[in-house]
Amino acid sequence: MCGIIGKIGKVNCMKDVLEGLKKLEYRGYDSAGVAVFTDEGVKRVRAVGNISALEEKLAGTDLDGRLAVGHSRWATNGNVTEKNAHPHRAGRFTVVHNGIIENAAALKTAYFENDAFESDTDTEVAAKLLDKFYDGDVGRAIRQTQRLLTGSWALGILCDDCPDTLFAAANGSPLLVVKTESGCYIASDAGAVPDAVEVTKVENREYAAVTAGGYTIFNENGDALQKAPLAAAAGALSLDKGGYDHYMMSEIMQQPEAVRRTIEALPDGDLLGGAKEIRLIACGSAYHAGLVGARLFEAVRRIPARAEIASEFRYADPIIGRDTLCIFISQSGETADTLAALRLAKEKGAPTLSIVNVPGSAIATESDRVILTQAGREIAVATTKAYSAQLAVFYALALGKTEALGRLPEAIYTAIAENDGKCRRLAERIAGCRNIFFIGRQLDNAVSQEGSLKMKEISYLNSQAYAAGELKHGTISLVEPGSPVIATVTDPAILSKTMSNLHEVKARGAFTVVITTRALAPGLEADVTLTVPDVGPLLAPSVAVIPMQLMSYYTAKALGCEIDKPRNLAKSVTVE
Ligand code: AGP
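Residues numbered from 1 in each chain as written. Predicted model: local features only at pLDDT ≥ 70, side-chain atom pairs only at ≥ 80, totals over all residues. Heavy atoms only, no water.

Q: I'd like a description of the packing of helix H3 (residues 104-112) against helix H4 (residues 123-133), backed by residues and values.
A: The N-to-C vectors of H3 and H4 enclose an angle of 35°; their axes lie 10 Å apart at closest approach. The interaxial crossing formed by H3 with H4 has left-handed handedness. Contacts between H3 and H4 involve Ala-104, Leu-107, Lys-108, Tyr-111 and Phe-112 on the former and, on the latter, Val-125, Lys-128, Leu-129, Lys-132 and Phe-133. Its residues assigned to classes, the contact of H3 with H4 comprises 7 nonpolar, no polar and 3 charged. (Axes fitted to C-alpha atoms, helices over the stretch in contact; angles between N-to-C directions. Helix = DSSP H or I, 4+ residues; strand = E, 2+ residues; numbered from the N terminus. Left-handed = near helix turned anticlockwise from the far one by under 90°. Contact = heavy atoms within 4.5 Å. Nonpolar A, V, L, I, M, F, W, Y, C, P; charged D, E, K, R; others polar.)

Written out as structure tokens, the structure reads:
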């Protein structure tokens, strides 16, 4: 969470830093700020709100220079106020930070007991340490500061005495140094930098000194390193809105391609390595993909499998060992709980496999084996194409690369084309409701969990997903006349059971929607029926999720919500 960027250029670079910040806004949008080296020294401007609020403040100034840093914040320590917005300053140092310095309070007491602090942030402590240790050698100050810090950080650092060098340091938060024709950048994500010539990762406890013409990365002892640049990401999917109003819709539309590329890139052979038991560990939508994966491994491969929420797994003292394959699923590859769970699994001697969308991310790097989903960069906070790509990996792991799997991208495309208009109309009806329920059994339940999360995270309506048979054990009391209940029924073996549950809520006045396949639709009674192509019950989550995504998108749009950047959320969650 939080995005940092910095540029040292051959010409003025404020415009590039602001453009980059816009691309990093998905990482947090509580406040934004920039600092720039001018002829009168380092100047900073900060604003509560998103980058446009910052741009408004900058509009009346001609602030610019050859060295600038920027920050977009997802608040962790300290409220959302201008004084807590980055960059932070202490003495001769100006700092932007992504991460959490866990021992900030202890360091404050140990080193700055009598000092006044400008902000309530952990970042200011790091800035003060840099200033405290500075004796004319910024590298030494960084080394001494990093030695004291615990937690995670990607720091962009300006020193008043060094107008020609941008410094950076990292531990546990992503930080890249990017060389371009017009100068060098530091950034949380290479996607924020146009026309990269070379990208190098600053690894844990390393630091970098960056100039307009190049950069040097040092280890924690101050030795200059010869590091291999990262391989360029293979043919990223579109990075713009593709003519749609929102990234989310553009990303929904990219799903057939994301799934096709992911299937194509998968290595052949059995990647489960003879596991006797499988745990699938993740957060949010990635956990929902894990629910599908676990069901498939049990149903098809008859391997005991269960999905677990990473933040629970890491504190559960899990009973795992070398026969338990632990699979970690993450779009960003950065999620703090998933990363901690991965480290725990390794400590316990379990083999680890990660399914990650961002190459070079911490989870991808630290797991024994990695499968990269090929969804391209995902910008909307609500995931769509990365979730679909994760499902494709599970199908391939459980079933192999079957012909049916090869036809899945086309089926996803059809599901989008045939449901777009219907979901737009249905959203007008849903937008006026207080509570929404998603129900289903087995895989239909697993995909309903994802549909419900999508709805609540972007429309802010109270949406819940339940195993269809569970509703009558309490939750049905929430169903009011007109409450939408969305049942997914794609498996003929359990169709009649879920439909009975739908009739039970209909009898209590619910507005019923059924998501089903073309073959099963005739004869199903509901107020609205949404059909998806017949791909068989095992692959059905991939097509059933499509109307759920579209319904959520259009409901949020009807309600005037900030679709790509829902309130209180961030794209990558690097705090516990
Ligand atoms: C999805 O729409 C959410 N924004 C969120 O639940 C997300 O899936 C979760 O935070 C996990 O992120 P990751 O895949 O990057 O680990």
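That covers the picture; the talk isn't over yet.
Q: Please give an account of the sheet that holds strand S10 (residues 183-187) that cites residues and values.
A: Overall, antiparallel pairing links the 7 strands, which are arranged S3-S2-S4-S1-S10-S9-S11 in an open sheet. Looking at the sheet topology across the chains shown, the edges are occupied by strand S3 (41-48) and strand S11 (198-201). Within this sheet the neighbouring strands show an average axis-to-axis angle of 15°, counted without direction. Packing against the sheet, helix H1 (residues 14-24) makes contact with strand S1 (3-9), strand S2 (31-38), strand S4 (67-73) and S10, and its axis sits at approximately 160° to S1. Against the sheet, helix H2 (residues 51-59) contacts S2, S3 and S4, and its axis sits at roughly 130° relative to S3. (Pairing = 2+ DSSP bridges.)

Q: Summarise the sheet that holds strand S24 (residues 528-532); cite the residues concerned and give the values.
A: The 5 strands lie next to each other as S21-S20-S22-S23-S24, forming an open sheet whose pairing is parallel. Every other strand in the sheet has two partners, leaving strand S21 (462-467) and S24 as the edge strands with one partner each. Adjacent strand axes in the sheet meet at a mean angle of 20°, parallel and antiparallel pairs treated alike. The pairing of strand S20 (residues 435-440) with S21 spans 6 bridges and is classified as parallel. Each residue of the ladder has a partner; that of Gly-440, found in S21, is Ala-467. Relative to the sheet, helix H16 (residues 495-506) contacts S20, strand S22 (484-489) and strand S23 (511-517), its axis offset from that of S22 by approximately 170°. Packing of helix H17 (residues 540-558) onto the sheet brings it into contact with S20, S22, S23 and S24, and relative to S24 it is tilted by some 130°.

Q: Quick rundown of the site of the ligand? Include the residues and the values.
A: Around the ligand, a shell composed of 15 residues is seen, among which Ser-330, Gln-331, Ser-332, Thr-335 and Glu-457 lie nearest. Between the ligand and Ser-332 there is a distance of 2.6 Å, counted from an oxygen atom to a side-chain nitrogen or oxygen. For the ligand, whose accessible area on its own is 410 Å², the fraction buried by protein is 89%. At the level of secondary structure, the elements contributing two or more residues to the shell around the ligand comprise helix H8 (284-301) and helix H15 (443-459). Residues that form the shell around the ligand fall into these classes: 6 nonpolar, 7 polar and 2 charged. (Near = heavy atom within 4 Å. Polar contact = N/O pair within 3.5 Å; in protein donor to acceptor, adjacent residues only side chain to side chain. Areas by Shrake-Rupley, 256 points an atom, 1.4 Å probe, with all protein chains shown as cover.)

Q: Please give an account of the packing of aromatic side chains that cites residues and values.
A: According to the stated counting rule, one finds 7 aromatic pairs in the structure shown. The interplanar angle of 85° and the centroid separation of 5.2 Å between the aromatic rings of Phe-93 and Tyr-134 together place this pair among those described as edge-to-face. Taken together, the residues span a long stretch of sequence, with Phe-93 in strand S6 (residues 93-98) and Tyr-134 in the loop between H4 and helix H5 (138-148) at a distance of 41 residues. As far as the burial class goes, Phe-93 and Tyr-134 line up, both buried. Measuring from centroid to centroid gives 5.9 Å for Phe-297 and Phe-394, while their planes differ by 85°, and the two rings are edge-to-face. Separated by 97 residues along the polypeptide, Phe-297 in helix H8 and Phe-394 in helix H12 (residues 385-399) bring together distant segments of the chain. One aromatic cluster is present, formed by Tyr-111, Phe-112, Phe-117 and Phe-133 through successive ring pairs. A cation sits over an aromatic face here: Lys-128 above Phe-112, 5.6 Å from the ring centre. One cation-aromatic arrangement involves Arg-567 over Tyr-460; the distance from NZ or CZ to the ring centre is 3.8 Å. (Phe/Tyr/Trp six-rings, centres within 6.5 Å; stacked < 30°, edge-to-face > 60°. Buried < 20%, exposed > 50% of the residue type's maximum accessible area, 1.4 Å probe, protein only. Lys NZ or Arg CZ within 6 Å of the ring centre and 35° of its normal.)

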